[in-house]
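Observations on chain architecture
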Amino acid sequence: MSNTAVNSILVTGGAGSIGANFIYYLVEKHPDVRVVNLDALTYAGNLENLKEIEGHPRYRFVRGRIQDNKLVAGLIREEMIEAVVNLAAESHVDRSIAGPEVFVETNVRGTLVLLDEARKAGVQRFLQVSTDEVYGSLGPDGSFTESTPLAPNSPYSACKAGADFLVRAYYRTYGFPTLITRCSNNYGPYQFPEKLIPLMILNAMQDKELPVYGDGMNVRDWIYVKDHCAALSMVLFRGKPGDVYNIGGNAEKPNLDIVRIILKLLGKPQSLIRFVQDRPGHDRRYAIDASKIQRELGWIPEWKFEKGIARTVEWYMANRAWWERIISGDYQKYY
Ligand code: NAD
Ligand code: DAU
C-alpha cells in the first residue's frame, strides 16, 4: 500500500536494468503514483527497456545527468517531486578498475547534487539504492548486517560507500529524510550483458567461451530483480528515515555453479568454460542478513533461484532482438 503523501516520484537511472524493472513495478502496483525517469543514457541506459510504458500517462522520461544541478532543481520543482529514488550509477566493477573517475563523478558527486537539490526543495523521502559491496569481502562464515562496518575494495564500491556516507550525513546534519538499501547481486530481464549471468547466457547461446575469473569459487548471493523491486517499494513507502535496509535473495552460490547451471539449461557443453585471469581485488564472498527488512517491513524474496534463473534464460532466448541490438550498438539509436 502506498503512503498517499508520496505520489510524485523521481527515479534516476530508470533506463538501466534495475531502474526499468522498478519503474514497471511502481506504475503497475501503485496506481496513485506518477514517475519521472531521469537518465543520462550512458552505455548502460537503454530506452528499449521501457518500451512497454512509453506514452503512459503516469510516466515521463527526461534525458540528463544527476550531476546537472539546474536540471535536477528544475525538474523537482516543475514535477512537484515528493520522493527521489536514486538508482543512477556507474555499476560495473570491472569498468571501475579500468577507469574510476566517472564513478566518482556519477556515484559520489551525482548523489551529492541530488541530495542537495532534493533537500532544498523539501522532498519528503530520498531512497539511495546502494549495494552489499560496500561491506567488503567475507570469509567462509557469517553475513553482512546493517551494522557491519563499511570496507569497500573496488573503486565502484568505494564510490557507493562514499555516497552512503553523504546520505547518512544529510540525515544527521540536516534532518533530511533519507533511506538506504544495500542489495546483493541482481539478475533477471533487461540486465546489460557485461554482468556475469547475462554475459554467460549470451556467450553460451552463441557457442562462445565462458570466461570464469580465478578459480570460479567466489560466492555471490543472487536475487531476482523483481524481489529487489518489491523491497525497494516497501522501503520507499514504509521505511524509517535515517535507516539502512539490507536486501538479499537467500541464494549464495559460487560463480562456477552459476555457469554450470546456465550451460545445463541451454543444453550446451561444460567444455565452453574457460578459467581466465582473476579480477584485481576480487571480493571472495558476499552474504546478506536480510532479517531486518523481513522483520520490520514484512518483505521476503519470492523467487527461488532455480525458478528465477530458468525464467531469465527463457527471457534472453525470447528477446534475441533486444540483446542483438546491444551487441551491434543499435540500441543507442533508439532515443
Ligand atoms: P545499470 O548500469 O544497469 O544502470 C544504470 C543506469 O544509470 C543507466 O540507465 C545509466 O544510463 C544511468 N546513469 C549512469 N550515469 C548517470 C548519470 N550521471 N545521470 C543519470 N543517469 C545515469 O545499473 P543497475 O545494475 O540497474 O544498478 C542500478 C543501481 O542499483 C546502481 O546504483 C547500483 O549501484 C545498484 N545496485 C545494483 C546491483 C546489481 O546487482 N546490479 C545490486 C545492488 C545495487
Ligand atoms: O553485489 C551487488 C553488486 O553486484 C552490484 O552492486 C554491482 O553493481 C553488480 O555489478 C554486481 O557486482 P559483481 O562484481 O558481484 O558482479 P559481476 O556480474 O561483475 O560479477 C559476479 C561474479 O562473477 C564476480 O565474482 C566476478 C565473476 N565474473 C564476472 C564476469 C563479468 C566472472 O567470473 N567472469 C566474468 O566475465
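Presented here is a report on the structure given in the accompanying data block. The residue count restarts for each chain, going from 1 along the sequence in the order it is written. Here the convention is simple: chains get letters from A, ligands get numbers from 1, in the order in which they are written. For this predicted model, a pLDDT threshold of at least 70 governs which residues receive local features, and a threshold of 80 or more governs which side-chain atom pairs are given and counted, while totals over whole chains, interfaces and linings are taken from all residues. The basis for every side-chain value is the complete set of non-hydrogen atoms in the structure, without hydrogens or water.

So, about the sheet that holds strand β11 (residues 252–254). A pair of strands is treated as paired once DSSP finds two or more bridges between them. Working definition: helices are DSSP H or I runs of at least four residues, strands are E runs of at least two. Numbering for both runs from the N terminus. Overall, mixed pairing links the three strands, which are arranged β7-β9-β11 in an open sheet. Looking at which strands have only one partner, the edges of the open sheet turn out to be β7 (185–187) and β11. Each strand of the sheet is rotated relative to its neighbour by a mean of 50 degrees, with strand direction disregarded. Relative to β11, strand β9 (residues 219–224) is paired through three bridges, and the arrangement is antiparallel. Opposite Val 219, over in β11, you have Pro 254 as the bridge partner. Note on definitions: angles span 0 to 180 degrees between N-to-C directions of axes, and those axes are lines fitted to C-alpha atoms, for helices only across the stretch in contact.

Proximity criterion: a residue is near a molecule or strand once any of its heavy atoms comes within 4 Å of it. Ligand 2 sits among 24 residues. The nearest are Asp 132, Glu 133, Tyr 156, Arg 279 and His 282. Here Glu 133 contributes a side-chain N or O atom positioned 2.6 Å from an oxygen atom of ligand 2. Polar contacts here mean pairs of N or O atoms no more than 3.5 Å apart (in protein, one a potential hydrogen donor and the other a potential acceptor; neighbouring residues in sequence count only if both atoms are side-chain atoms). Contact distances for ligand 2 include 2.8 Å between a nitrogen atom and a backbone N or O atom of Pro 211. Among the elements of the structure, α6 (196–205) and β8 (210–213) are those that each provide at least two residues to the shell around ligand 2. Split by residue class, the shell around ligand 2 holds ten nonpolar, eight polar and six charged. Gly counts as polar in this scheme, as do all residues outside two lists: the nonpolar Ala, Val, Leu, Ile, Met, Phe, Trp, Tyr, Cys and Pro, and the charged Asp, Glu, Lys and Arg.

Near ligand 1 lie 30 residues; those nearest to it are Asp 39, Gln 67, Ser 91, Tyr 156 and Lys 160. Ile 18 is positioned such that a nitrogen or oxygen atom in its backbone is 2.9 Å from an oxygen atom of ligand 1. Between ligand 1 and the protein, one listed contact pairs an oxygen atom with a backbone N or O atom of Asn 186 at 2.9 Å. At the level of elements, α1 (17–29), β5 (125–131), α5 (155–174) and β7 are the ones that each hand at least two residues to the shell around ligand 1. Take the shell around ligand 1: its biggest share by element is three residues, from β5. Classifying every residue of the shell around ligand 1 by side-chain character gives twelve nonpolar, 14 polar and four charged.

Turning next to helix α11 (residues 320–328). Throughout this description, buried means an accessible area under 20% of the type-specific maximum (1.4 Å probe, protein chains only), exposed means over 50%, and partly exposed covers the range between. Within α11, the full set of buried residues consists of Trp 322, Trp 323 and Ile 326. Seen from one end, α11 has its buried residues packed into an arc of 85 degrees, which puts them on one side. Among the exposed residues of α11, those oriented more than 90 degrees off its buried face are Ala 321 and Ile 327. Of the surrounding secondary structure, the elements contacted by the buried residues of α11 are α6 and α10 (305–318). Just past α11, the residue Gly 329 takes up positive phi, approximately 90 degrees. Note that the arc is defined by the directions from the helix axis to the C-beta atoms. The criterion used for residue contact is that any of the two residues' heavy atoms lie within 4.5 Å.

Right, let's get into the pairing of strand β4 (residues 83–86). Within a regular strand, the side chains alternate between the two sheet faces. Neither face of β4 is open: one carries Ala 83 and Val 85, the other Val 84 and Asn 86, and all of them are buried. Of the strand pairs in this sheet, strand β1 (residues 8–12) and β4 are connected by four bridges, and their pairing is parallel. Each bridged residue has a counterpart across the sheet, and for Thr 12 the counterpart in β4 is Asn 86. Where β4 lies against β5, four bridges are found, and the strand directions are parallel. Among the inter-strand pairings, Asn 86 is bridged to a residue of β5, identified as Gln 128.

The criterion for an aromatic pair is that two Phe, Tyr or Trp rings (for Trp, the six-membered ring) have centres within 6.5 Å, with stacked assigned to planes under 30 degrees apart, edge-to-face to planes over 60 apart and tilted to the rest. Inspection of every chain in the model, using the stated rule, returns 17 aromatic pairs. Seen in terms of ring centroids, Phe 144 and Tyr 286 are 6.3 Å apart; in terms of plane orientation they differ by 45 degrees. Their pairing is tilted. Pair noted here: Phe 144 is in the loop between β5 and α5 and Tyr 286 is in the loop between β12 (273–276) and α9 (291–297), with a separation of 142 residues, a long-range link. With respect to class, Phe 144 is no different from Tyr 286; both count as buried. With 6.0 Å between their ring centres and 75 degrees between their planes, Tyr 316 and Trp 322 make a pair best called edge-to-face. Here Tyr 316 and Trp 322 have matching classes, each one buried. The rings of Tyr 24, Tyr 190, Trp 315, Tyr 316 and Trp 322 are connected pair by pair, giving a single aromatic cluster. One cation-aromatic arrangement involves Arg 95 over Tyr 43; the distance from NZ or CZ to the ring centre is 3.4 Å. Two thresholds decide whether a charge sits over a ring: the Lys NZ or Arg CZ must be within 6 Å of the ring centre and within 35 degrees of the ring normal.

Another point: the sheet that holds strand β10 (residues 244–247). Think of a sheet as strands paired side by side through backbone hydrogen bonds, with each pair either parallel or antiparallel. Strand order in the open sheet formed by seven strands is β3-β2-β1-β4-β5-β6-β10, with parallel pairing between adjacent strands. Each edge of the sheet is formed by a strand with only one pairing partner; in this case those strands are β3 (59–63) and β10. Pairs of neighbouring strands in the sheet enclose a mean axial angle of 20 degrees, with direction left out of account.

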